[in-house]
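# Observations on the model geometry
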Amino acid sequence: MKKTLLALAIASISASASAFAVDTSSQNSRNEDMFAFDPMHKDQFSVSGSVGVGGYYDTGSKAFYDDWATGLTLAVNYRNNRIVGYFETDLMLNYTTDSETKSIPNGSGPATDVDKAWLGFDTGFGIASFGWENDTALDAIDGAGDNTYEFGASAGDASDAFNVVKFQGATSGFAYGVSYFETGDDHVKADKGVNGYVGIEQEIFNVYAGYETRDSDYDVYTVTGNVKLGELKLGANFWIEETDTKLLDKTNTGYYVSAGYAVSEDLTLAAGYAGNTEEIGKTDTDYSYVNVAAMYTLAKNMDMGIDVRQDLDAGGADEETYVFAAGYYYF
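Bear in mind that the values here come from a model prediction, so they are computed numbers and not experimental data. (Residues numbered from 1 in each chain as written. Predicted model: local features only at pLDDT ≥ 70, side-chain atom pairs only at ≥ 80, totals over all residues. Heavy atoms only, no water.)

## Remarks on the pattern of salt bridges
Rule in force here: For this analysis, a salt bridge means a side-chain nitrogen from Lys or Arg found within 4 Å of a carboxyl oxygen belonging to Asp or Glu. Only runs of H or I of at least four residues qualify as helices and only runs of E of at least two qualify as strands under DSSP, and these elements are numbered from the N terminus. Type-normalised accessible area, obtained with a 1.4 Å probe on protein chains alone, sets the label of each residue: buried when under 20%, exposed when over 50%, and partly exposed for intermediate values.
Tallied over the entire structure, the rule returns seven salt bridges. A salt bridge links Asp160 to Lys116, with the nearest nitrogen and oxygen atoms 3.5 Å apart. Here the residue Asp160 occupies a position in the loop between strand 6 (127-134) and strand 7 (161-171), and Lys116 occupies one in strand 5 (residues 109-122), the gap between them amounting to 44 residues. Owing to a relative accessible area of 15%, Asp160 belongs among the buried residues under this scheme. For Lys116, a relative accessible area of 6% puts it in the buried group. Of the charged contacts, one joins Lys250 and Glu278 as a salt bridge, the two residues approaching to 3.3 Å between their closest N and O atoms. Remark: Glu278 occurs in strand 14 (residues 267-280) and Lys250 occurs in strand 13 (residues 249-262); sequence separation between them is 28 residues. Look at Glu278 and you get buried, because its relative accessible area is 18%.

Structure representation (structure tokens):
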């Protein structure tokens, strides 16, 4: 589960004060007129953002590289009665010390990206939305068992999709979501898919079951969840990915378990273990690793973290060590 600049901002230990706490809850105050729409006013918009500096190191390439962890993110929330919207753009600075750019396939340099852009309607039971680019429904829960900073594992690809039609919400302790999406901005060439989930959300525990299917004969089944026991939080992700085409018959079955402990109000320590088996034809290959992480709140709007991953079984390849560290300021 790749945690981008935005994902780190959301998942950081200061998440409750995060600039990216997008309001998708149903809190309409004008129930007598569901379709009321006020003239646009500046008070209906809120602007927030973050500045982050971070990067990776691994013993395979022996290089330091950014992989889009460093940058500036700006986000705009909009709410007008039941009409809601969100726009987010990233200004990123990529770099690597690897002269052959093995660590970063596209090489070093600055880049900009419209990370999310969607408009929706608050039904009272959830948000129905259309996004040119947005998370899919399954992205909301596929990593619910990860309590670490960067190197958690979960089902499928959690990156943003295009032309996302989504309905997502929660009521009376039940969570649900469903979405149609395309994997690229070229409508003709892009892979089309549908995914969704149902779940139970309580004060002490959360558990979800999700499914995704694409027209490229790719299917994902996943169960995720977490439980809070005082200062200790436990989580688990389980998944099965199946690819069944004329050229490839592949099944990837995996799990990730993690624990996080709040040592103090500012410091959280966490650890995780991942294992998966990749079956291609009659060949099975096992992979596993452990990771440990620390997350620290410097101030109400500043935090930092580090995550170290060590391969235990790399499927016959060399076992490598990976390090990720970053710090963020929110405004």
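Picking up after the structure, the text goes on.
## Points about the side chain of Asn252
Filter applied, for reference: The contact definition used throughout considers only heavy atoms, calling two residues in contact when any of these lie within 4.5 Å.
Tracing the chain through its elements places Asn252 in strand 13. If we skip the residues at most four places from it in the chain, Asn252 touches Trp239, Ile240, Glu241, Asn276, Thr277 and Glu278.

## A word on the nonpolar core
This is how the line gets drawn: Only buried residues count toward a nonpolar core, which is a set of Ala, Val, Leu, Ile, Met, Phe, Trp, Tyr and Cys residues joined through side-chain atoms within 4.5 Å.
Tyr56, Tyr149, Phe324, Ala326 and Tyr328 are the most contacted members of the largest nonpolar core, which totals 13 residues. Those elements giving two or more residues to this core turn out to be strand 2 (63-65), strand 15 (283-299) and strand 17 (321-330). Per-element accounting of this core gives the leading share, four residues, to strand 17.

## Overview of the side chain of Glu182
For clarity, the threshold we go by: Under the convention used here, Asp and Glu are negative, Lys and Arg are positive, and both His and the chain ends fall outside the count. Contacts described as polar in this section are N or O atom pairs within 3.5 Å, which, within protein, must combine one atom able to donate a hydrogen with one able to accept it, while residues neighboring in sequence count only if both atoms come from side chains.
Mapped onto the secondary structure, Glu182 falls in strand 8 (residues 174-182). For the buried residue Glu182, which engages in no salt bridge, the nearest side chain bearing the opposite charge is Lys192, 4.9 Å off. At a separation of 2.9 Å, a polar atom in the side chain of Glu182 contacts the side chain of Asn163. A polar atom in the side chain of Glu182 sits 2.9 Å from the side chain of Tyr180. Setting aside anything within four residues of it in sequence, one finds Glu182 in contact with Ala161, Phe162, Asn163, His187, Ala190, Asp191 and Lys192.

## Describing the packing of aromatic side chains
The condition is simple: Centre distance within 6.5 Å is the pairing criterion for rings of Phe, Tyr and Trp, where only the six-membered ring of Trp is used; planes under 30 degrees apart are then read as stacked, over 60 as edge-to-face, and the remainder as tilted. Working rule: Lys NZ or Arg CZ, within 6 Å of ring centre, within 35 degrees of ring normal, means a charge sits over the ring.
For the structure shown, the criterion picks out 14 aromatic pairs. Taking the centre distance of 5.1 Å and the plane angle of 45° together, the rings of Tyr211 and Tyr221 count as tilted. A residue pair is termed long-range when its members are at least 10 positions apart, and Tyr211 in strand 10 (residues 205-214) and Tyr221 in strand 11 (residues 218-229) qualify at 10 residues. Owing to a relative accessible area of 34%, Tyr211 belongs among the partly exposed residues under this scheme. On the basis of an interplanar angle of 40° and a centroid distance of 6.0 Å, the ring pair of Tyr255 and Tyr273 is categorised as tilted. One end of the pair, Tyr255, is in strand 13; the other, Tyr273, is in strand 14, and 18 residues separate them in sequence. On the accessibility criterion, Tyr255 (33% relative accessible area) is partly exposed. Of the residues examined, Tyr273 reaches a relative accessible area of 29% and is grouped as partly exposed. Taken together, the ring pairs in this structure connect Tyr56, Tyr65, Tyr149, Phe151, Tyr322 and Phe324 into an aromatic cluster. Here Arg309 stacks its cationic end above the ring of Tyr289, 3.9 Å away from the centre of that ring.

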